[in-house]
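Fold and geometry: a report
Single-letter residue listing:
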Amino acid sequence: MAKVNFRTNVLLKNIIGKDLITDDNVAVLELVKNSFDAGSNNANIIFRDVITNQTPEEYKKTNKSKFILRDNGSGMSEYDLINKWLNIAYSDKKSKKQEFNRNLAGNKGVGRFSCDRLGKSLVIYTKKINKPLLRLSIDWTKFEKIDDIKKNIQDIDFDLVEISPTKYIQETGLEVFDSGTTLFISNLRDIWDFDKIKSLKRQLERFINPNQNFESESFDINIEANEFINYELNIPEVEKINGIIKNRIFSELNFKATYINSIISEDGKLITTELIDRGKKIFTLVEHNLYTLLKNIEINIYYLNPYSKAYFRRQTGIRSVDFGSIFLFINGFRIPPYGDQGNDWLGMERRKGQGYNRFLGTREVIGRIEINGVNFDDERDDFFIISNRSGVDSNKHFEQLTKNDSPYGYYFKIFRRLERFVVEGIKWDSSLIKENEIEKKVLNDKNWSESDEKYIEDSLERNKRIISNIEKIINVRGDDVISLSINKKFVEELAHEQAQRAHEQINFIINELKGKDLTSSQLNDLIGKISKTSANLKNFPSENFELENLFDEVQNLKTQLESGYKKRKELEDETIRLQKELEIEKDKNTYLRTSSRSLSEDAKGLIHNIKITSKKISTTVDNLYYKISEETYKKNDILKSLGNIKFQAEKALKISKIITRSNFKTDKNEQIVDIVKYIEQYIEIYSDLYEKTQMSFKINSNNAELVKKVSLLDISIILDDLISNAEKAGANKILINISNIDNSNLKIIFNDNGNGVNDIFLDNPERIFELGVTTTDGSGIGLNSVRTALKSIQGKITFLGNNLFEKGATFEILINN
């Protein structure tokens, strides 16, 4: 038996030529890449004789059309042509990452067969500096329609000759060159009309990533199609095909948009993500990279609301939907067809179909994924482009990047953060104006600016919701986080805007009161505004200026009611005082400048107490509002209700000021006090605040006493939280029994007639004192705050059980002297 080997039949040309690369635009891109890799600073594309009266059938047989690509790169020698260009699948680029200070674009060694895709005849004119001008002529049809088993591809001969510059000019009609290559392709296989050339131009506009760092000269691509010059006289500049191609892959948009940027470090250890909204950074997150196959990757995704879409068209000249969506770049060069209009390579449109109002699709976002440092020499262990140039192989690297279901790939991990920000944070940035009207205004009004934008909700409410949803938007496990930074300036500006809004509301109310005798209806309106401000306090409890403004305004109303609304001078003085206090309180406002994670357990308990107090204010205002609207009120009733509001507001103000002071532990004003007397007096105040049908209190002190140095605020928090829990459990009666166990201990039995503690906690009642465990559908802070406050005064609390005295829960509190 003889030794045997593979043979290369002549029809191999079709397989790696016109049958492999089936898209004309991709074929041109491959040839432009070769010019780029040759160090050229330009690629001139020339179309000649492409307008024809032939039928498609006649045209395919033979035609006079020509496609010429000319560059001023390094050119090729006779050795290069014979041993490299004519050597199928050979590419010396595989062993190189850079040449001419550029990342190399090609690597397969088959891109040269794009010439076969474009036309039936090819003539190569090429020259190196100080070397002769060479011409290589190839007739691709010699490889076709040959049914000969013995005919090998090597059996087809070409003419390689040296020619003079004069001969070059005669044959091409082009100027001679010192170095470079001219591809002269004729008898084109497809008709290149205006629309087809415009489609090519769109692809070339997205050829190179603008972040590509060129140390050499820039690379320009020019299209010359003189047959269409007259046609272009009456069309917009952006629609023309002749001229230098402008890079439409933006490094950044020249208008304020919402976008997310994420980078996997070059060593693959870290992911750094930033989210920017209308020019303001919201957060920066650094986390461990769990995608073990991914490194040196950057993702930029822009959300385009109706205004951004209009600005995009104004900047680029084309609609964002026609531009495309998310493009993929490898080593600085775009991989078509990813991101083209209608190409849903990431499955975003399929996903959006499952929840139109919950998910973003290709029409709402644009951007790019940049993969750098890819080693094309080892296709098994990295991203690599498949030979027909129709994308990237779907290997494990590609899956870790693009997987669109749980566990999500890197792209969707970042994309879903932007998506949650848009859907839950800014509510899609919905506008008051229809999208088509916005586009008309932006494109046609030369004086239009971003300040003219109109949205359904104002920026204050929008930005408050962003802060409240920030943890949900980021959605990351604590173990994965290295650092998280919320933009301090953004939070400070939000607090300042909240202060201004509160100031305006108070000024409005004061102006309404000046010099007027208010009717019941007018008073109704003003109290309604106070009720709304009180409701805001529950959502934004740390705004000290708003708490203080509410307290001052209640004082103003009370004064007006008692004096007949005639003290104009006092109100004017009050306005000046309020303005000064606002300035002071702005400087004290520090709570929003830290995340909730940095709050101590004491601070969490105090904020919980503010919520309870704010709720009492809101409830009292609602009752007052109802009485006035029904005109069933009496002056004493109003004064009593206003006294209640004043009491609760003063308490909330005091607590909030304590929270924002740096020396938290020592600022709770400990003093020597008779605890039993204080409890009696505090409960007496509570009795005055409630209608008897709402809640009744009974306290048996049994002549007990305990004099001790404690914080009155701690005692108040203990009583407030226990009473609040009783209310939530449906109680309308509270019994407190106090006694001395001995000279050094005080025992307090706290009992209500509510629904008691849920049965699920009876086997292990200690759980109800854990932070986050709720017995009343509340926040899970109250009982934990009680235990914490008691611990600070050498006390403890125990749940004794349900139905011991009344039908509700019973707690025992012990305090040591």
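What you see is a predicted model; the values in this text were computed from it and never measured. (Residues numbered from 1 in each chain as written. Predicted model: local features only at pLDDT ≥ 70, side-chain atom pairs only at ≥ 80, totals over all residues. Heavy atoms only, no water.)

What follows covers the side chain of K240. Turning to its location among the elements, K240 is positioned in the loop between β9 (220–224) and β10 (243–244). The residues contacting K240, other than those within four sequence positions of it, are K201, E232 and I235. (Helix = DSSP H or I, 4+ residues; strand = E, 2+ residues; numbered from the N terminus. Contact = heavy atoms within 4.5 Å.)

That bond from P336 to P337 is cis: its omega, 5°, falls within 30 degrees of zero. With respect to the helices, strands and loops of the structure, P337 is situated in the loop between β16 (333–334) and α10 (348–352). Cis peptide bonds are those with omega within 30 degrees of zero, and the linkage from S406 to P407 qualifies with -5°. You can see P407 is positioned in the loop between α11 (396–402) and α12 (410–425).

Glancing now at the packing of helix α23 (residues 712–728) against helix α24 (residues 782–792). Packing of α23 against α24 brings their axes to within 9 Å, and their N-to-C directions diverge by 155°. Classed by the angle they form, the pair α23 and α24 counts as roughly antiparallel. In this structure, α23 meets α24 at a crossing whose hand is left-handed. Counting all contacts with α23, which are made through D714, I717, I718, D721, L722 and N725, the residues of α24 involved are G782, L783, S785, V786, A789, L790 and S792. The class makeup of the residues in the contact of α23 with α24 is 7 nonpolar, 4 polar and 2 charged. (Axes fitted to C-alpha atoms, helices over the stretch in contact; angles between N-to-C directions. Parallel < 35°, antiparallel > 145°, perpendicular 65-115°, else oblique. Left-handed = near helix turned anticlockwise from the far one by under 90°. Nonpolar A, V, L, I, M, F, W, Y, C, P; charged D, E, K, R; others polar.)

The buried fraction of strand β6 (residues 133–139) is high, at 5 of 7 residues. Taken together, the 6 bridges between strand β5 (residues 119–127) and β6 define a ladder with antiparallel strand orientation. Bridge assignment links I124 to a residue of β6, and that residue is L136. Judged from the 5 bridges that link them, β6 and strand β7 (residues 159–163) form a sheet pairing that is antiparallel. Counted as the bridge partner of L133 is I163 from β7. (Buried < 20%, exposed > 50% of the residue type's maximum accessible area, 1.4 Å probe, protein only. Pairing = 2+ DSSP bridges.)

Now for the sheet that holds strand β24 (residues 795–802). The strand order across the open sheet formed by 5 strands is β20-β22-β23-β25-β24, and the pairing between neighbours is mixed. The strands lining the two open edges of the sheet, one partner per strand, are β20 (696–700) and β24. Strand-to-strand twist in this sheet, taken as the mean axis angle between neighbours without regard to direction, amounts to 15°. In terms of strand pairing, β20 meets strand β22 (residues 733–742) through 5 bridges, oriented parallel. Bridge pairing in β22 places I699 opposite I736. Packing of α24 onto the sheet brings it into contact with β24 and β25 (809–816), and relative to β24 it is tilted by some 140°.

Next up on the list: the environment of N305. The topology assignment puts N305 in the loop between β14 (297–303) and α8 (306–316). Separated by 117 residues in sequence, N305 and V422 have C-alpha atoms that sit 9.5 Å apart. Not counting chain neighbours up to four residues away, the residues in contact with N305 comprise W428, D429 and Y455. At 3.4 Å, the side chain of N305 and the side chain of D429 are in polar contact. (Polar contact = N/O pair within 3.5 Å; in protein donor to acceptor, adjacent residues only side chain to side chain.)

For the rest of this paragraph, the subject is the side chain of Q203. Take Q203: it is sitting in helix α7 (residues 194–205). Among the residues examined, Q203 registers a relative accessible area of 14% and is labelled buried. A distance of 2.9 Å separates a polar atom in the side chain of Q203 from a polar atom in the side chain of R334. At 3.1 Å, the side chain of Q203 forms a polar contact with the side chain of D340. Residue contacts for Q203: discarding those within four places in its chain leaves N25, L29, R334, P336 and D340.

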